[in-house]
Amino acid sequence: MTSIVQNQWYVAAYGREIGRELFSRTICGESILFWRTEAGQVTAMSDRCVHRRFPLSEKPSHLNGDTVVCGYHGFTYGADGVCVAVPGQKRVPRTARLKSYPVVEQDSFVWVFIGDPDEAESTRIPRAPWLDQEGWTVVSGMEPLKARASLLIDNLMDLSHETYLHGGYIGTPEVAETPITTEVDEDAGIVYVSRHMADAECPPFYSTSTGIQGRITRWQDIEYTPPCLYKLHSRIAPVGVLPNEDGTDPDAFHVEVVYAITPETENSTHDFWAVARDFALDDESVSDFLRENNRTVVLQDVTALDVLEQVLTGEPDGYQELSINIDTGGLAARRLIAAMAAEGAGTTVEQPAAATAP
Ligand code: FES
Ligand SMILES: [Fe+2]
């Protein structure tokens, strides 16, 4: 049985990746074919022909208007995955249909529902509005990770690693030194982790992009909506500059760092990353810098997590971890995901005990 949480929405792609070319990506272990109809609607269906399993993304399979024609023997499917023509006979077998997936395009992402399609409508899709909103400029990408999704979740929930793994980019001593607060909204199913640094060194990622010279007030407010969407609300300001009482914050720089954590298989992950900023909106050099810098940071994580996956795969199950205060966010995330997995599998297992760090 899969350990991947079922009956949830996952980010499958950026909208820009899907057009009038057949596009295939494995999401949660399922090979899915994506394409846009002539009207511009994204469709998602199994990437395996029902006849002999030929991948519909593989040439010479092709689109013909709003149908996809299998390149092996010509089975032809509509945008809903239903077969509309087969070679050599008029009658199309009633069961000739591809599994089709609910799909929603939102906040620059294409979301696909994995599990029972009847559950799709009543299941939330978390939002990341800055990725497609006036007043924000975004750079984004996706890196393949040869490691299970839970390792990336652990990584993102505990930013103390920035000091060590990302020194010279986004890490400074204050990140690891400053304690965090962790809160869980059980009803909404969201984990919040905050670290507010009052007087910190400004790492190159922010000094170069904002132009701030000298020390900063740096806030990191994580909001993780399991299983897929992670947001880091980052606030950077000259040291001592705080938001106004009415909540306005004109003298700070705001960066929304968004990750979508989508399992490809049990042991590999699509690591979607995006950085939205509310300053230097039209400055291409800032965009280029943030794109390159963030990608480098993501690849530092990818390298470390790929190693970790190899280590874990090679060791017997049941090893003992040792958790400390910095891990409270990650442990809370694991607890929510375990509960979601039990629900998605239709089982009523006991809630795992609240994870606490010593
Ligand atoms: S495998 Fe697709 S038509 Fe035969
Ligand atoms: Fe990292």
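Residues numbered from 1 in each chain as written. Chains lettered and ligands numbered in written order. Predicted model: local features only at pLDDT ≥ 70, side-chain atom pairs only at ≥ 80, totals over all residues.

Identification of the chain as Vanillate O-demethylase monooxygenase subunit from Geodermatophilus sabuli is taken from an unreviewed UniProt entry.

Student: Where do I start with the domain arrangement of the chain in this structure?
Tutor: By a widespread convention, an interface's size corresponds to the accessible area lost as its parts come together. Looking at the chain, the domain boundaries give domain 1 (8-119) and domain 2 (129-344). Each of domain 1 and domain 2 has a C-alpha centre, and these two points are 33 Å apart. Residue-level contacts link 14 residues of domain 1 with 14 residues of domain 2. Of all the secondary structure elements, the ones that give two or more residues to the side of domain 1 that touches domain 2 are β1 (8-14) and β2 (23-27). Counting residues per element, the side of domain 1 that touches domain 2 draws most heavily on β1, at six residues. (Domains from an automatic or database assignment. Contact = placed C-beta atoms within 7 Å. Helix = DSSP H or I, 4+ residues; strand = E, 2+ residues; numbered from the N terminus.)

Student: Just to check I follow, could you spell out the sheet that holds strand β9 (residues 103-106) for this structure?
Tutor: Sheet strands associate in pairs through backbone hydrogen bonding, adopting either a parallel or an antiparallel arrangement. In spatial order, the strands read β1-β10-β9; together these three strands make up an open sheet with antiparallel pairing. Strand pairing shows two members of the sheet lacking a second neighbour, β1 and β9, which therefore form its edges. On average, each strand axis in the sheet is tilted by 30° relative to the strand beside it, whichever way the strands run. Here four bridges tie β9 to strand β10 (residues 109-114), and the two strands are oriented antiparallel to one another. Each residue of the ladder has a partner; that of Q106, found in β10, is F109. (Pairing = 2+ DSSP bridges. Axes fitted to C-alpha atoms, helices over the stretch in contact; angles between N-to-C directions.)

Student: It is not clear to me how the sheet that holds strand β7 (residues 76-78) should be interpreted in this structure. Could you clarify?
Tutor: Strand order across the open sheet formed by four strands is β5-β6-β7-β8, with antiparallel pairing between neighbours. Looking at the sheet topology across the chains shown, the edges are occupied by β5 (62-64) and β8 (83-85). Across this sheet, the average inter-strand angle for adjacent strands is 35°, counted without regard to direction. Two elements, β5 and strand β6 (residues 67-69), share three bridges in a ladder whose sense is antiparallel. Within β6, the position partnered with N64 by the bridge is T67.

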